[in-house]
Amino acid sequence: MARTELSNGLNLRDNPEKLTENGTGSSHGLDPEVNGNVVPGETQVDKYGFTGGAQQYAGDSAEEVPTEVLRQREAKWLEMLNSWDKWMAKRHKKVKERCQKGIPPSLRGRAWLYLSGGKVKRELNQGKFQKLDEEQGDPKWVDIIERDLHRQFPFHEMFAARGGHGQQDLFRVLKAYTLYRPDEGYCQAQAPVAAVLLMHMPAEDAFWVLVQICEKYLPGYYSAGLEAIQLDGEILYALLQQVSSVAYRHLKKQKLEPTLCMTEWFMCIFSRTLPWASVLRVWDMFLCEGVKILFKVGLVLLKCTLGSQQKLKDCQGLYETMELLREINPEYMQESFLVHEIIELTISETKIEKEHNAQLRRWKESHGDLHCKSPPRMHGAKAIMTSEPHSKQHLKQRPAIIVESPLAPKTDVNEENAATRSRKTKDEDEMKTAFPSQELINPYAPSSDPSPLFEHITLKGSKESLSSVEQDTYL
């Protein structure tokens, strides 16, 4: 297959050497000359951290969850995270349902870390990221990564400033991955994935979740040759034939290769395609259920855009079809509509694997053996957790968060407090009778100079960034 260049500056490669063309791409989407690398004068930021740009309408399509419901969901998720192994083993269906409803924003980063298996991976590799972070990195990959940093969500407050903390952490994560997997190196599609993770978690956690995505969820996607994404493109079309024969026949008639419309979707996990509210909901489900969510989103978009003769009236040529898929109707990408369609669409892991094996046989007949030897794909959080040995210690939160569920039966706290106050008052009356009131000098009154006893706990500038402290990052 010829080398594919996506229209948003994401250049995909046939080999590791041809990752970028002097750091430039076409002008659609994230090209800095078009989107503007400097955030506009308007500094108002939406609840996702965006000041404008391609995803500025994200807030318009977002569902508003009542505060009371959100607090209840947070309590439920905290309860799950405190007993993660039990929930995944015995009540995985409930975990999946809660991911479909949407993970509470305050706990999304922590939940993604647990769902992906990144938490266990991090605990099994203590100090690994720090070691990789201290190394210089291959100059070839370092140069390409540095040129790509400003392309990632330039309208998000975290990545707007050149050389800012967001871009620095993004560089650290991507460089560390090239050292962790030198055989794979760096692919430009990894940058937006890592950026989304950094919006929700510290650099070390983002690194391990990125590792899990590349190795477990989407193995082979970011390797030279893009064989895995080509295979999944054929699987997408095979599934589309079953879901919408009209859309399938039109794409075949136009000889539109699957990779032309779905490469950016799948490799960037829709982070450059959907409004942000929808991106987050898709990621919640993807990290729980695996790659079938990406297939479902792709099928929904293709069916809604090309699934009837009426919709194809003004779409008779290849160019018109490509334009329609680049500018998908916002109604089809709106959060509530898209999530509903994803859940309603029945695509099982078994069906995907059946198609995968069929496409693999065809590939070998026409191309020979795959050059990229990727590990087997894991379909979601439960499969990943089952495949990786771990102990309860690996899943322990630091510090443990104990929260009383609002659904749990409440004790009569008022009666206990009243009894305590009654006993306290009685004791005070007895003390007053035995010892008449007199003026006492407080031996612990604060002096003008700090006590040497407390010198060792005087607040000092921390050498760690705030983001490295787990409890301060997520809540």
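Predicted model only: the values in this text are computed from it and were never measured.

**A look at the overall build of the protein chain**
Right, on to step 1. Across its full length, the protein chain carries 24 helices and zero strands.
Right, on to step 2. Within the protein chain, the proportion of its 475 residues that are buried is 51%.
Right, on to step 3. The contacts of the protein chain with a sequence gap of at least 6 include a subset with a gap of at least 24, amounting to 76%.

**Section: the side chain of Ser 116**
Right, on to step 1. By the secondary structure assignment, Ser 116 is in the loop between helix H5 (108–115) and helix H6 (118–124).
Right, on to step 2. One polar contact links the side chain of Ser 116 to the main-chain carbonyl oxygen of Trp 112, over a distance of 2.9 Å.
Right, on to step 3. Of note is the side chain of Ser 116, whose polar atom sits 3.1 Å from the backbone nitrogen of Gly 118.
Right, on to step 4. Sequence-distant contacts of Ser 116, defined by excluding residues within four places in its chain, comprise Val 209, Gln 212, Tyr 217, Leu 287 and Ile 384.

**So, the packing of aromatic side chains**
Right, on to step 1. Inspection of the entire model under this criterion finds 17 aromatic pairs.
Right, on to step 2. A ring pair is formed by Phe 50 and Phe 153, whose centres lie 6.4 Å apart and whose planes are at 75°; its orientation type is edge-to-face. In this pair, Phe 50 is assigned in the loop between helix H1 (32–35) and helix H2 (67–82) and Phe 153 in the loop between helix H8 (139–148) and helix H9 (165–180), connecting sequence segments 103 residues apart. Across the pair, exposure class does not vary: Phe 50 and Phe 153 are buried alike.
Right, on to step 3. With 5.6 Å between their ring centres and 90° between their planes, Tyr 180 and Trp 208 make a pair best called edge-to-face.

**So, unusual backbone geometry**
Right, on to step 1. In this model, Phe 153 sits at a positive phi of 45°, which is unusual for a non-glycine residue.
Right, on to step 2. Overall, Phe 153 belongs to the buried group, its relative accessible area being 4%.

**Concerning helix H13 (residues 245–253)**
Spacing of three or four residues puts side chains on the same side of an α-helix, whose turn is 3.6 residues.
Right, on to step 1. Every buried residue of H13 is listed here: Val 246, Ala 247, Tyr 248, His 250 and Leu 251.
Right, on to step 2. Where H13 is buried, its residues contact helix H12 (227–243), helix H16 (292–306) and helix H17 (318–326).

**A closer look at the nonpolar core**
Right, on to step 1. Counting residues in each nonpolar core, the largest one holds 122 residues, and the members touching the most others are Trp 84, Phe 207, Ile 213, Leu 218, Phe 266 and Trp 283.
Right, on to step 2. Trp 283 has contacts with Trp 112, Val 193, Val 196, Leu 197, Ile 213, Cys 268, Ile 269 and Ser 271, leaving out every residue within four places of it along the chain.

**A word on the environment of Ser 374**
Right, on to step 1. Relative to the elements of secondary structure, Ser 374 occurs in the loop between helix H20 (349–367) and helix H21 (381–387).
Right, on to step 2. Residue Ser 374 is classed as partly exposed on the basis of its relative accessible area of 30%.
Right, on to step 3. Sequence-wise, Ser 374 and Pro 219 are 155 residues apart; in three dimensions their C-alpha atoms are separated by 5.6 Å.
Right, on to step 4. Excluding its chain neighbours within four sequence positions, the residues that come into contact with Ser 374 are Pro 219 and Gly 220.

**Some thoughts on the pattern of salt bridges**
Right, on to step 1. This model, assessed by the stated rule, comprises 20 salt bridges.
Right, on to step 2. Here Asp 284 ties to Arg 108 by a salt bridge, and the two come within 2.8 Å at their closest N and O atoms. Here Asp 284 is found in helix H15 (residues 276–289), whereas its partner Arg 108 is found in helix H5, with 176 residues between them in sequence.
Right, on to step 3. With a relative accessible area of 0%, Asp 284 lands in the buried category.
Right, on to step 4. Two residues, Arg 181 and Asp 183, come together in a salt bridge whose shortest N-O distance is 3.2 Å.
Right, on to step 5. Accessibility expressed as a relative area gives 19% for Arg 181, which makes it buried.
Right, on to step 6. Linked by salt bridges that have partners in common, Lys 121, Arg 181, Asp 183, Glu 184 and Glu 215 make up one network.

**Focus on the side chain of Lys 175**
Right, on to step 1. Within the secondary structure, Lys 175 sits in helix H9.
Right, on to step 2. The side chain of Lys 175 is buried and forms no salt bridge, while Asp 133, the nearest opposite charge, is found at 4.3 Å.
Right, on to step 3. Excluding residues that lie within four positions of it along the chain, Lys 175 makes contacts with Leu 132, Asp 133, Glu 135, Gln 136, Gly 137, Val 142 and Ile 145.

**Section: the packing of H12 against H20**
When two helices pack together, their arrangement is given by the angle between the helix axes and the distance between those axes.
Right, on to step 1. Their axes nearest at 9 Å, the elements H12 and H20 cross at an angle of 120°. Between H12 and H20, the interaxial angle falls into the category oblique. Handedness of the crossing formed by H12 with H20: right-handed. Facing Glu 227, Gln 230, Leu 231, Glu 234, Ile 235, Ala 238, Leu 239 and Gln 242 of H12, the residues of H20 in contact are Lys 351, Ile 352, Glu 355, His 356, Gln 359, Leu 360 and Trp 363.

**Some words on helix H4 (residues 92–101)**
Right, on to step 1. Looking at H4, one finds that the buried residues are His 92, Val 95, Arg 98, Cys 99 and Gln 100.
Right, on to step 2. Buried residues along H4 sit in contact with H2, helix H3 (84–90), H5, H15, helix H19 (335–344) and H21.

**A word on the environment of Leu 210**
Right, on to step 1. Within the secondary structure, Leu 210 sits in helix H11 (residues 203–217).
Right, on to step 2. What Leu 210 contacts, discounting residues up to four positions off in sequence, is Val 173, Leu 174, Tyr 177, Gln 190, Val 193, Ala 194 and Leu 197.

**Some thoughts on the confidence of the model for the protein chain**
Right, on to step 1. For the protein chain, the mean per-residue pLDDT works out to 77, and 71% of the residues sit at or above 70.
Right, on to step 2. Mean pLDDT values over the elements of the protein chain span from 33, in helix H24 (residues 470–474), up to 97, in helix H10 (residues 190–198).
Right, on to step 3. Segment residues 1–41: pLDDT under 50, and 109 contacts once partners within four positions in sequence are set aside and those in other chains are kept.
Right, on to step 4. pLDDT under 50 marks residues 430–475. Its contacts with residues more than four places away, or in other chains, come to 25 contacts.

What counts, and where the lines are drawn
Residues numbered from 1 in each chain as written. Predicted model: local features only at pLDDT ≥ 70, side-chain atom pairs only at ≥ 80, totals over all residues. Heavy atoms only, no water. Helix = DSSP H or I, 4+ residues; strand = E, 2+ residues; numbered from the N terminus. Buried < 20%, exposed > 50% of the residue type's maximum accessible area, 1.4 Å probe, protein only. Contact = heavy atoms within 4.5 Å. Polar contact = N/O pair within 3.5 Å; in protein donor to acceptor, adjacent residues only side chain to side chain. Phe/Tyr/Trp six-rings, centres within 6.5 Å; stacked < 30°, edge-to-face > 60°. Core = buried A, V, L, I, M, F, W, Y, C linked by side-chain atoms within 4.5 Å. Salt bridge = Lys/Arg side-chain N within 4 Å of Asp/Glu carboxyl O. Lys, Arg positive; Asp, Glu negative; His and termini not counted. Axes fitted to C-alpha atoms, helices over the stretch in contact; angles between N-to-C directions. Parallel < 35°, antiparallel > 145°, perpendicular 65-115°, else oblique. Left-handed = near helix turned anticlockwise from the far one by under 90°. pLDDT = per-residue confidence, 0-100.

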